[in-house]
Amino acid sequence: KRRRQVIDLDDLIANVVRAMSNDPNFAAAVRWRFRHIFVDEAQDMNPLQFALFESIRGGRSDVFVVGDPLQAIYGWNGADRKIFDALPEHLTQATVLKLRNNYRCSPQILDVARWVVQRTDEAVYIRATKDDGPVVRLIECVDPVAEATAIADALWELAPTGGPRPWQSCAVLVRTNSQIAPIVAALTKANIPVRVSRTSPEITAAQMAAGQSKDRHGLSTWASDALDESTNDAERIVADQVRQFLRLDQPGSVDGRAFSAWIAATSMNNWSANGVEVLTFHSAKGREWNCVTVAGAELLLVPHTSANTAEQLNEETRLAYVALTRAEHRLIISYAMTRNGRQTGISPLLADLPTHSESLPSALAYAPVAGRTTRPKLSDELAKWRTTRARQIKQLPSVVCSDRELVRIEQVLPASVEELAGIIGELTARQLASELLPIIESFRNEPCNDLPVANSN
């Protein structure tokens, strides 16, 4: 940094602390300017940030500090929760207000989260203010591939049977970034739109390949080849991005470098504005969703195998608590029995979760589900047909038929071209009836696979 003559954020903080220590006039000016101090997320302060806080405070008592000791999860990054714990004593005559109410989670979700975090030395006095919700669902799977598929199946089960799917109110949370790719792949394969906080390696690789194109013709050819020949879903997604880019009236040269710049400057990497978010426990902090799946809740991941000391294990436990309490109404917990060739099994934090216990309110009940669940067979066949048709016409599946149209087909079970036209339009119905109607007919007498009603008693 000295050689390049640059500084980073920590240097800025350290330089301010040093300047205030060495220059009383500068310190007085800063304290006069910032006479009232508010600190949020104080449980995550590191020693350097605390030194800045103390420098600006200058011994004054006009401060307001907010923090949640149960959400101290950045010790690996230098944060020291002991700073927050010692603040009431350090700030003489401090008024301490303990906020007991949880306004986000249902009692069922909070009971499970509280059971997990009580394995530490934390004193937990949080109570739910919401009415009872569905039971917490526990899904055991053979391996990560089966787990990813089971997550997609469970989300389809929970989606409403009619109208637009509120995917943006759902999230899948994982402990490590390496868990994201197979889950994204399974959701995409199941025709569930996805949003990711980080672009997957497969998407990045495809974008880099397209970015090598020397001119507009090269870009167009790359996209056409990907849609025509590739069976790689990531390449087909990027090919659609390229076509969207080429349809724009871009100033200057249009080539791979311009496409890469456009990708970097837009939100195209989110894949879908109305998608299920897939992100890590740490990235989910401060967020909330109606339905959350905590994936990979198993040995060696939760707590993570890198946690060796008692303090690190406690932080991992608090991290699990943060992940579980991102859910407002519905919580699904999944785990695999094997991962990367190693035997795993359910996390020790959840292994002896009771269904009935005097230590937990009677409202707690969880529904263990052995193996993976299944989506209606007709849905599988319709999705498979749409994917095959899309590749035949060199388009994305959504161009062939929207998710909403597939749901309506499954509900109505049209038996004629006219009935099918009422869902997808007359011209499209005439083109697709010979393929769709036989599929629908073969499932007409199959029993409906409705989602069972959860009992919270």
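Rules used in this analysis
Residues numbered from 1 in each chain as written. Predicted model: local features only at pLDDT ≥ 70, side-chain atom pairs only at ≥ 80, totals over all residues. Heavy atoms only, no water. Patch = residues over 30% accessible without salt bridge, like charges linked within 9 Å, V, L, I, M, F, W, Y side chains within 5 Å. Areas by Shrake-Rupley, 256 points an atom, 1.4 Å probe, with all protein chains shown as cover. Salt bridge = Lys/Arg side-chain N within 4 Å of Asp/Glu carboxyl O. Helix = DSSP H or I, 4+ residues; strand = E, 2+ residues; numbered from the N terminus. Buried < 20%, exposed > 50% of the residue type's maximum accessible area, 1.4 Å probe, protein only. Disulfide = S-S within 2.5 Å. Pairing = 2+ DSSP bridges. Core = buried A, V, L, I, M, F, W, Y, C linked by side-chain atoms within 4.5 Å. Contact = heavy atoms within 4.5 Å. Phe/Tyr/Trp six-rings, centres within 6.5 Å; stacked < 30°, edge-to-face > 60°. Axes fitted to C-alpha atoms, helices over the stretch in contact; angles between N-to-C directions. Parallel < 35°, antiparallel > 145°, perpendicular 65-115°, else oblique. Nonpolar A, V, L, I, M, F, W, Y, C, P; charged D, E, K, R; others polar.

*Asks:* Explain a nonpolar patch on the surface to me, please; I cannot follow it from the model alone.
*Replies:* On the surface, Ile7, Leu9 and Leu12 cluster together into a nonpolar patch covering about 310 Å² of accessible area. Structurally, Leu9 is set in helix H1 (residues 9–22). Look at Leu9 and you get exposed, because its relative accessible area is 60%.

*Asks:* Help me understand the state of the cysteines in this model?
*Replies:* In protein chemistry, a disulfide is the covalent bond that joins the sulfur atoms of two cysteines. Taken as a whole, this structure holds 0 disulfides when the rule is applied. Looking at the unpaired Cys170, the closest cysteine sulfur is the one in Cys291, lying at 4.5 Å.

*Asks:* Is there a simple way to explain the pairing of strand E6 (residues 170–174) in this structure?
*Replies:* On a regular strand, one side chain projects to one face of the sheet and the next to the other, so that they alternate. Among the 5 residues of E6, 5 are classified as buried, and the element is accordingly described as predominantly covered. The two faces of E6 match: Cys170, Val172 and Val174 on one face and Ala171 and Leu173 on the other face are all buried. Relative to strand E9 (residues 289–294), E6 runs parallel, the two being bridged by 4 bridges. Considered in E9, the bridge of Val172 is made with Thr293.

*Asks:* Got a minute to help me understand the nonpolar core in this structure?
*Replies:* Counting residues in hydrophobic clusters, the biggest one holds 38 residues, and the most contacted among them are Leu173, Leu324, Leu331 and Ile333. Of all the secondary-structure elements, those providing two or more residues to this core are helix H5 (107–117), strand E5 (136–141), E6, helix H12 (281–284), E9, helix H13 (310–324) and strand E10 (327–336). It is H5 that contributes the most residues to this core, 7 residues altogether. Here Leu331 is in contact with Ile109, Val135, Val136, Arg137, Val292, Val294 and Leu324, once residues within four sequence places are set aside.

*Asks:* It is not clear to me how the packing of aromatic side chains should be interpreted in this structure. Could you clarify?
*Replies:* For any two aromatic rings, the description comes down to two numbers: the centre-to-centre distance and the angle of the planes. One pass over the structure, following the stated rule, counts 7 aromatic pairs. When the ring of Trp156 is compared with that of Trp167, the centres are 5.4 Å apart and the planes differ by 80°; the resulting orientation is edge-to-face. Here Trp156 is found in helix H6 (residues 144–158), whereas its partner Trp167 is found in the loop between H6 and E6, with 11 residues between them in sequence. Of the two residues examined, Trp156 and Trp167, each falls in the buried class. Both rings, one in Phe245 and one in Phe259, keep their centres 5.7 Å apart while their planes meet at 65°; by these two values the pair is edge-to-face. Of this pair, Phe245 sits in helix H10 (residues 233–247) while Phe259 sits in helix H11 (residues 256–265), and the two are 14 residues apart along the sequence. Residue Phe245 shares its accessibility class with Phe259, and that shared class is buried. Three or more aromatic residues joined by ring pairs form one cluster here, namely Phe245, Phe259 and Trp262.

*Asks:* How should I be thinking about the environment of Ile37 in this particular structure?
*Replies:* For Ile37, the location among the structural elements is in strand E1 (residues 37–39). Between the C-alpha atoms of Ile37 and Arg60, which are 23 residues apart in sequence, the distance is 9.7 Å. Not counting chain neighbours up to four residues away, the residues in contact with Ile37 comprise Phe53, Ile56, Arg57, Arg60, Asp62, Val63 and Phe64.

*Asks:* I'm lost on the pattern of salt bridges in this one. Help?
*Replies:* Where side chains of opposite charge bring their charged atoms close, a pairing between them can arise. Tallied over the full model, the rule gives 16 salt bridges. With its nearest N and O atoms 3.7 Å apart, the salt bridge here joins Glu311 to Lys82. One end of the pair, Glu311, is in helix H13; the other, Lys82, is in helix H4 (residues 81–90), with 229 residues separating them in the sequence. For the pair Glu311 and Lys82, a shared accessibility class is recorded, and that class is exposed. Put simply, Glu435 and Arg389 hold a salt bridge, and the shortest N to O gap is 2.9 Å. Taken together, the residues Glu435 in helix H18 (residues 426–442) and Arg389 in helix H14 (residues 377–392) connect sequence positions 46 residues apart. Arg389 gets classed as buried once you look at its relative accessible area, which sits at 18%.

*Asks:* Would you mind going over unusual backbone geometry with me for this structure?
*Replies:* Leaving glycine out, the prevailing phi sign among residues is negative, and the prevailing peptide bond configuration is trans. Omega for the bond connecting Val302 with Pro303 falls within 30 degrees of zero, at 0°, which places this linkage in the cis form. One non-glycine residue, Gln93, adopts positive backbone phi at about 60°. By the element assignment, Gln93 lies in the loop between H4 and strand E3 (101–102). Owing to a relative accessible area of 82%, Gln93 belongs among the exposed residues under this scheme. Non-glycine residue Asn191 carries a positive phi angle of around 65°.

*Asks:* Help me understand the packing of H10 against H11, please; the structure alone is not making it clear to me.
*Replies:* Packed helices, taken two at a time, are described by the angle their axes make and the gap between the axes. It is at 11 Å that the axes of H10 and H11 come closest, and there the two elements cross at 100°. In this view, H10 runs roughly perpendicular relative to H11, as classed from their interaxial angle. Between H10 and H11, the contacting residues are Val238, Gln241, Val242, Gln244 and Phe245 on the first element and Ala258, Phe259, Trp262 and Ile263 on the second. By residue class, the composition of the contact of H10 with H11 is 7 nonpolar, 2 polar and no charged.

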